[in-house]
Amino acid sequence: MTSNRPDRSTRLTVAQALVRFLAAQYTERDGVRQRLIGATWGIFGHGNVAGLGQALVEYGDEMPFHQGRNEQSMVHAAVGYARQSNRLSTHAVTTSIGPGATNLVTGAALATVNHLPVLLLPGDTFATRVADPVLQQLEVPYAGDVSVNDSLRPVSRWFDRVTRPEALIPAALQAVRVLTDPVETGAVTLALPQDVQAEAWDWPEEFFAERTWTVRRPGADPAELGAAVRAIRTARRPLLVAGGGVHHSRAEDALAAFAAATGIPVASTQAGKGSLRHDHPQDVGGIGHTGTATADELARTADLVIGVGTRYTDFTTASNTLFQGDGVRFLNLNIASYDGHKLAGLPLVADARSGLEALTAELARDGHRVADAYAAEYGEDKERWEQRVDACFEAEETDVRPTQTQVLGALDALADESDIVINAAGSLPGDLHKLWRARSRDQYHLEYGYSCMGYEIPAAIGVKLAAPERNVWALVGDGTYLMMPTEIVTAVQEGIAIKILLVQNHGYASIGGLSESVGGERFGTAYRYTAGDGTFTGAPLPVDLAANVASLGMRVLRAKTVRELREALAEARAADTPTCVYVETETADTVSGPPPAQAWWDVPVAETATRPSAVKARELYERHVSTRRRHL
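Remember, predicted model here, so these are calculated numbers, not experimental data.

How each quantity is defined
Residues numbered from 1 in each chain as written. Predicted model: local features only at pLDDT ≥ 70, side-chain atom pairs only at ≥ 80, totals over all residues. Heavy atoms only, no water. Helix = DSSP H or I, 4+ residues; strand = E, 2+ residues; numbered from the N terminus. Rg over C-alpha atoms; globule rule 2.2 N^0.38 Å. Buried < 20%, exposed > 50% of the residue type's maximum accessible area, 1.4 Å probe, protein only. Areas by Shrake-Rupley, 256 points an atom, 1.4 Å probe, with all protein chains shown as cover. Lys, Arg positive; Asp, Glu negative; His and termini not counted. Charge placed at Lys NZ, Arg CZ, Asp CG, Glu CD. Pairing = 2+ DSSP bridges. Axes fitted to C-alpha atoms, helices over the stretch in contact; angles between N-to-C directions. Contact = heavy atoms within 4.5 Å. Parallel < 35°, antiparallel > 145°, perpendicular 65-115°, else oblique. Left-handed = near helix turned anticlockwise from the far one by under 90°. Nonpolar A, V, L, I, M, F, W, Y, C, P; charged D, E, K, R; others polar. Phe/Tyr/Trp six-rings, centres within 6.5 Å; stacked < 30°, edge-to-face > 60°. Core = buried A, V, L, I, M, F, W, Y, C linked by side-chain atoms within 4.5 Å.

Caption draft 1: Up close: the overall build of the protein. For the protein, the count of helices and strands is 24 helices and 23 strands. At 26 Å, the protein has a C-alpha radius of gyration in line with the 26 Å of a compact globule built from 632 residues. Taking the principal axes of its C-alpha atoms as reference, the protein extends roughly 90 × 70 × 55 Å. Residues counted as buried form 58% of the 632 residues belonging to the protein. For the protein, the exposed area adds up to about 25,100 Å²; of that, 52% sits on carbon and sulfur atoms. Within the protein, the 76 negative side-chain charges are centred at a point lying 3 Å from the centre of the 59 positive side-chain charges.

Caption draft 2: Up close: the sheet that holds strand β15 (residues 304-308). Overall, parallel pairing links the six strands, which are arranged β14-β13-β12-β15-β16-β17 in an open sheet. Looking at the sheet topology across the chains shown, the edges are occupied by β14 (283-286) and β17 (346-349). Across the sheet, the axes of successive neighbouring strands diverge by a mean angle of 20 degrees, strand direction being ignored. Relative to β17, strand β16 (residues 329-334) is paired through four bridges, and the arrangement is parallel. The residue bridging Asn 332 from the neighbouring strand is Pro 347, located in β17.

Caption draft 3: Structural view of the side chain of Thr 95. On the secondary structure map, Thr 95 appears in strand β6 (residues 90-95). Sequence-distant contacts of Thr 95, that is, excluding residues within four places in its chain, are made with Ile 43, Asn 48, Glu 71, Met 74, Gly 100, Ala 101, Leu 104, Leu 121, Pro 122 and Gly 123.

Caption draft 4: The packing of helix α16 (residues 404-414) against helix α17 (residues 428-435), seen in detail. For the pair α16 and α17, the least separation of the axes is 11 Å and the interaxial angle reads 55 degrees. Accordingly, the angle class assigned to the pair α16 and α17 is oblique. At the point where α16 passes α17, the crossing takes the right-handed sense. When α16 is examined against α17, the residues Gln 404, Thr 405 and Leu 408 are found in contact with a partner set consisting of Leu 428, Asp 431, Leu 432 and Leu 435. Considering only residue class, the contact of α16 with α17 consists of four nonpolar, two polar and one charged.

Caption draft 5: Local environment of the packing of aromatic side chains. All told, the structure shown has 12 aromatic pairs when counted by the stated rule. With 5.4 Å between their ring centres and 85 degrees between their planes, Phe 323 and Phe 330 make a pair best called edge-to-face. Each member of the pair, Phe 323 together with Phe 330, is buried. Arranged with centres 5.6 Å apart and planes meeting at 55 degrees, the rings of Trp 600 and Tyr 621 form a pair that is tilted. On the criterion of sequence distance, the pair formed by Trp 600 in the loop between β23 (579-584) and α24 (612-625) and Tyr 621 in helix α24 is long-range, its members being 21 residues apart.

Caption draft 6: Here's a closer look at the environment of Pro 222. Tracing the backbone shows Pro 222 in helix α8 (residues 222-234). When its relative accessible area of 65% is taken as the criterion, Pro 222 is described as exposed. Along the backbone, Pro 222 and Leu 348 are 126 residues apart, and their C-alpha atoms lie at a distance of 9.5 Å.

Caption draft 7: View of the nonpolar core. Within the largest apolar cluster, 49 residues are counted, with the highest numbers of intra-cluster contacts made by Ile 232, Leu 240, Ile 287 and Leu 356. When residues in this core are grouped by element, the largest group, five residues, is from α8. Among residues more than four places away in sequence, those in contact with Ile 232 are Phe 258, Ile 264, Leu 304, Ile 306, Leu 331, Leu 359, Leu 363 and His 368. Val 79, Tyr 481, Ala 491 and Val 549 belong to the second-largest nonpolar core, a separate cluster that totals 46 residues.

Caption draft 8: Broad picture of the sheet that holds strand β19 (residues 444-446). In spatial order, the strands read β19-β18-β20-β21-β23-β22; together these six strands make up an open sheet with parallel pairing. In this open sheet, the two edge strands, each paired with only one partner strand, are β19 and β22 (555-559). On average, adjacent strands in this sheet sit at an angle of 20 degrees to one another, irrespective of strand direction. Across three bridges, strand β18 (residues 419-423) lies against β19 in parallel orientation. Opposite Asn 423, over in β19, you have Leu 446 as the bridge partner. Sitting on the sheet, α17 is in contact with β18, β19 and β20 (471-477), with an inclination near 150 degrees to β19.

Purely spatial values, then, with no claim about function.
Below, the structure written as C-alpha cells:
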C-alpha cells in the first residue's frame, strides 16, 4: 500500500501546526529583523482548551504565553505591544467559542480603526456538525454556516474560518500578509472550529520554515512629488498636520529635518503628538477640537494643509469647520491611497519617511522657506500658549486637593523622555492633547481612534512587555477604571511593573461637560445616589477604588493633596513592582481646569425641545453648523 503522506512531512494537529508556523514568522524593515508574533494571550474554554491550549503546552518553548482575565483586554494588551513595536511585532489572542469570542469584537474594532496589527484566534463550533448545537452555539435559522465569530467580519481586515486542516496553509499565509502590510494591517481573525483544532494532518516541512516579511517603504511617484513641491513653494501660510503614520513609519527625524529646513509649523493629531518634541521651534501642539489656540488659529488661516499620515477625523478638522482660509488646499502624504485623496487633496501616496525625505531634498534646491514674519507669528503664539500651560500646571497651594490639570502638571514635572503615558477616553485626552509636553517620539500613547474606555491598563501591560526598561503610566479616570480593571491581576501575576495613575472625579466628567453643552443637563453622568425625583443628584457614592486596586494585589499610594501627589508619583516611578497612585480631584460636575475647546465638534442637538438649556444649545449649534465647509 502506498502512503498519501508527502515527503518531509510532520504529523501534527491543526493547533500545533499553527503555533509552530507563527513562531517562525518574522518582519524586517530598514535591515532590522524581529519576530512577528511575540507571544499569545489566552483564556481557555471548551472551544480551545484541547486544541490551542494543548498546542501551547506542547510548544511552550517556542511560543510565550500570557494569561488574561478578559478577552477584550487581551486584545488591548496585544495592540499596546504592537504600537510600541512600530507595528513590526504583535501578539495573538485565543478564546473559546461563545462569549469569549464575542468579547473580542471591541478590541478588534479598536485595532482596525487604528491600523494596528493583532491576530485573533477564536474557537468555533464543530465543522463536522456531529454535535449540533453545542454549548454556547448561536443557531441561525436561515444559515448553517454562521457562528458568533461572524460578528468579527466587519471589524477585521482579514477573516477566514478554517474548516479543514489543509485550509490552514493558505489562511495562515494570508493572515500574516495582512498583518505585515502597512496599508492593510489591523485585526486579523482565523476562526478555528474546535474539532478541526484537534485534528491531525501531515504538514509539509516547508510550512514551518522561517519566513521574513519585508515591510515596505514605497517612494513617491515623480508626478505626484512634483505637484506637491509646487504646492508648497506657492503657499504663503502652509501648515503641516502630523498623524499617527509619522510614528508608524518612524519618520520623526525626517519630519524634524523637513520642518527645520522649511520653517513650516507642525501641528499634531492625538495619534501624531510627539512627532516633534514639544520644544522644537516648529511644533505648535495639538490641532482640532482638543488642540491648542496656536495650532487652530494657524489652521483657520492656512492656505495649504500638508497632512502626513493622518485620516482627518472630525476631531482634527473640527467637523469640517476649522480650515477656513480662502482657497485653502490640501496635500496628503499617506501610504494609503484612500487617505491620500481625502478633502479633495493632492495625493502623495508614499511611506511617510520616504515622502518627507523626498520633499525636503526637492525644496532644498532653491532653499525654500516660509517668510520670517510667518515664523515669528507662530513662534510668539507658541510662547503665549506655553504660558497658559504653565498656569494650568502650577499649584500655588500644595496642601489642597489638586485639579486634574495639576495632576498632569505633577506628572509632567517628574517625567523624562523614558516615560510613556497611556490614555484613551474621558476628559483626560483633551487635557493631554492641549497641555502635555511630549519629550520623545513614543512618550505620548493616546488611543483616540476608537477612544475605548478600559484600554489603558491592559495596553500599559502590552507596552511594558515591548519596552521593559521604560516607565509606563496608565492614566485612568474612575469611569474607565470601572470598565476594565481586571488585568491588574495579570500585571501582579507576571511582575509587570506598570504604573497606574487613577483619578477619581466621581463620574463621566467628559460626557458630563458635553451633555451640559448640548442641552442634556449632565443627565446620567455623575456617580451619585439617586434623588427622590429619579435623578442622580444625591451625594457622591462611597466607592473606594483604591481599596479595589489593592484587593487585586497591586500596591496603592493614596494622595490627598498636591504635595502628597508629587511624593507618591516619585515613589511609584522608582518602584520595580506594579504600583498605583490614587488621587481624588473635583467631582464630575465641575470643570477640570484646562483652557476651553479652541475649535468646534459636531454633536447634533435636539431640533425641538421645551427645556431652555436645549433650546439655547440648538441656537448655538446652528451658528456653528453654518460655518461648515465641504472641501471639493
